[in-house]
Amino acid sequence: MVLGWDGLGLISFVLVIYYQRDKALGAGLVTALINRVGDVLMLARISLLRESGYWELWGLSLEEGVVGLVLVMVAVLSITKRAQIPFSYWLPAAIIAPTPVSALVHSSTLVTAGVYLMVRLLIGVGELQVGGFVRSLLLVVSLLTNVMAGISACFEVDLKKIVALSTLRQLGIIVMALAMGYYSLAFFHLITHALFKSLMFIRVGRVIHLFGDSQDLRDVGGLWERMP
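Residues numbered from 1 in each chain as written. Predicted model: local features only at pLDDT ≥ 70, side-chain atom pairs only at ≥ 80, totals over all residues. Heavy atoms only, no water.

*Asks:* Describe the overall build of the protein chain, listing the residues and the values that go with them.
*Replies:* Secondary structure summary: the protein chain contains 10 helices and zero strands in total. When the helices and strands of the protein chain are placed in sequence order, the string is α-α-α-α-α-α-α-α-α-α. Taken against the 2.2 N^0.38 rule, which gives 17 Å for 228 residues, the C-alpha radius of gyration of the protein chain at 19 Å falls within 12% of a compact globule. Across the protein chain, the fraction of contacts at a sequence separation of at least 24, relative to all contacts at a separation of at least 6, is 70%. Per element, the accessible surface of the protein chain, about 11300 Å² overall, is 67% carbon and sulfur. Separation of charge centres in the protein chain, based on 17 positive and 14 negative side chains, amounts to 5 Å. (Helix = DSSP H or I, 4+ residues; strand = E, 2+ residues; numbered from the N terminus. Rg over C-alpha atoms; globule rule 2.2 N^0.38 Å. Contact = heavy atoms within 4.5 Å. Areas by Shrake-Rupley, 256 points an atom, 1.4 Å probe, with all protein chains shown as cover. Lys, Arg positive; Asp, Glu negative; His and termini not counted. Charge placed at Lys NZ, Arg CZ, Asp CG, Glu CD.)

Structure, rendered in structure tokens:
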């Protein structure tokens, strides 16, 4: 799990800094550093289970206190990967990457890793008392992220950043479904989101190229005539 989790963050950093510019490097460093927070929590979780002599994924046979600590750690590290509050800054910043990279990162790789981890976690421990606390934590975080992303998108003029903020909102809805126990619905939404969000980014990239590589929404107009 650590190899896949950390490797995904490393590859995403390399893709974000593709253009080798100062702004791209800054966005890549933000992405990498926030993901490193999740990596540290992942290693700490493994260390905690190792000290308890347990190597299963979640350690459900351990004491309630240890299980609760493990669950909270996993919940927080998954929040870093899926860019929920307070770790939401890196996802809009990552749009500095080429549009195909944005389509990949925002739809089906980096952000969905945290959701997939929570799906596996909550299916196994959702009925425990501490599982209720984790679900409440996820519900509050997803609601705050939804409100923040929705308000920010209303005042944003960067085309790709608007789509990135819609990713935050969709992830918030998915996590809300998880928090309320609709695991199959959340996973189905995760798959459909990967499909339509990747297509949306590719189409936005086409519009950007059509208007002289400008990502400013105020420069876009007359699409019905230019792209019938």
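*Asks:* I'd like a description of helix 9 (residues 183–210), backed by residues and values.
*Replies:* Look at helix 9: 41 Å from first C-alpha to last across 28 residues, which is about the 40 Å you get at 1.5 Å a residue. The set of residues buried in helix 9 consists of Tyr183, Ala186, His189, Leu190, His193, Ala194, Lys197, Phe201, Val204, Gly205, Val207 and Ile208. Glycine 212, located one to two residues past helix 9, shows a positive phi value of around 70°. (Expected span 1.5 Å × (residues − 1). Buried < 20%, exposed > 50% of the residue type's maximum accessible area, 1.4 Å probe, protein only.)

*Asks:* Describe the side chain of threonine 167, and please don't skip the residues or the numbers.
*Replies:* Take threonine 167: it is sitting in helix 8 (residues 159–179). Classification of threonine 167 by relative accessible area gives buried; the value is 0%. Beyond its immediate stretch of four places on either side in the chain, threonine 167 contacts Leu91, His106, His193, Lys197 and Phe201.

*Asks:* Quick one: what's the story with the environment of serine 108, residue by residue and with numbers?
*Replies:* Structurally, serine 108 can be placed in the loop between helix 5 (99–107) and helix 6 (110–125). Residue class for serine 108 comes out partly exposed when judged on its relative accessible area of 39%. Linking serine 108 and serine 198, residues 90 residues apart in sequence, is a C-alpha distance of 7.9 Å.

*Asks:* Which residues make up the packing of helix 8 against helix 9, and what are the values?
*Replies:* Relative to each other, helix 8 and helix 9 sit at 175°, their axes nearing to 10 Å. Classified by the interaxial angle, the pair formed by helix 8 and helix 9 is roughly antiparallel. Here helix 8 contributes Leu159, Lys160, Val163, Ala164, Ser166, Thr167, Gln170, Ile173, Ile174, Ala177 and Leu178 to the contact with helix 9, which in turn contributes Tyr183, Ala186, His189, Leu190, His193, Phe196, Lys197, Met200, Phe201, Val204, Val207 and Ile208. Among the residues forming the contact of helix 8 with helix 9, the class breakdown is 16 nonpolar, five polar and two charged. (Axes fitted to C-alpha atoms, helices over the stretch in contact; angles between N-to-C directions. Parallel < 35°, antiparallel > 145°, perpendicular 65-115°, else oblique. Nonpolar A, V, L, I, M, F, W, Y, C, P; charged D, E, K, R; others polar.)

*Asks:* Give a description of a nonpolar patch on the surface that names residues and reports values.
*Replies:* A surface patch of nonpolar side chains, amounting to about 390 Å² of accessible area, comprises Tyr116, Phe187, Ile191 and Leu195. Broken down by element, the nonpolar patch gets its largest block of residues, three residues, from helix 9. Within the fold, phenylalanine 187 resides in helix 9. (Patch = residues over 30% accessible without salt bridge, like charges linked within 9 Å, V, L, I, M, F, W, Y side chains within 5 Å. Salt bridge = Lys/Arg side-chain N within 4 Å of Asp/Glu carboxyl O.)

*Asks:* So what about the pattern of salt bridges? Which residues, and what values?
*Replies:* Within this structure, the stated rule accounts for three salt bridges. Here arginine 218 and aspartate 216 are joined by a salt bridge, their closest N and O atoms 2.8 Å apart. The exposure class of arginine 218 is exposed, given its relative accessible area of 64%. Salt bridges linked by common partners bring Asp6, Arg36 and Asp39 together as one network.

*Asks:* Before we move on, can you summarise the packing of helix 1 (residues 2–16) against helix 2 (residues 22–51) with the specific residues and values?
*Replies:* At a minimum axis separation of 8 Å, helix 1 and helix 2 run at an interaxial angle of 175°. One way to sum up the angle between helix 1 and helix 2 is to call them roughly antiparallel. Here helix 1 contributes Val2, Trp5, Asp6, Gly9, Leu10, Phe13 and Val16 to the contact with helix 2, which in turn contributes Ala24, Ala27, Gly28, Leu29, Ala32, Arg36, Gly38, Asp39, Met42, Leu43 and Ile46. Among the residues making up the contact of helix 1 with helix 2, the classes are represented as 12 nonpolar, three polar and three charged.

*Asks:* Talk me through the nonpolar core; I want residue IDs and the actual numbers.
*Replies:* Soluble globular proteins tend to pack their nonpolar side chains together in the buried interior. Among the nonpolar cores identified, the biggest contains 48 residues, and Trp90, Met118 and Leu178 are the most heavily contacted of them. At nine residues, the largest contribution of residues to this core is made by helix 6. Dropping the residues within four chain positions of it, leucine 178 is found in contact with Val115, Met118, Val119, Leu122, Arg135, Tyr183 and Ala186. Judged by nonpolar contacts, the second largest core, of eight residues, contains Ala103, Leu159, Val163 and Val204. (Core = buried A, V, L, I, M, F, W, Y, C linked by side-chain atoms within 4.5 Å.)

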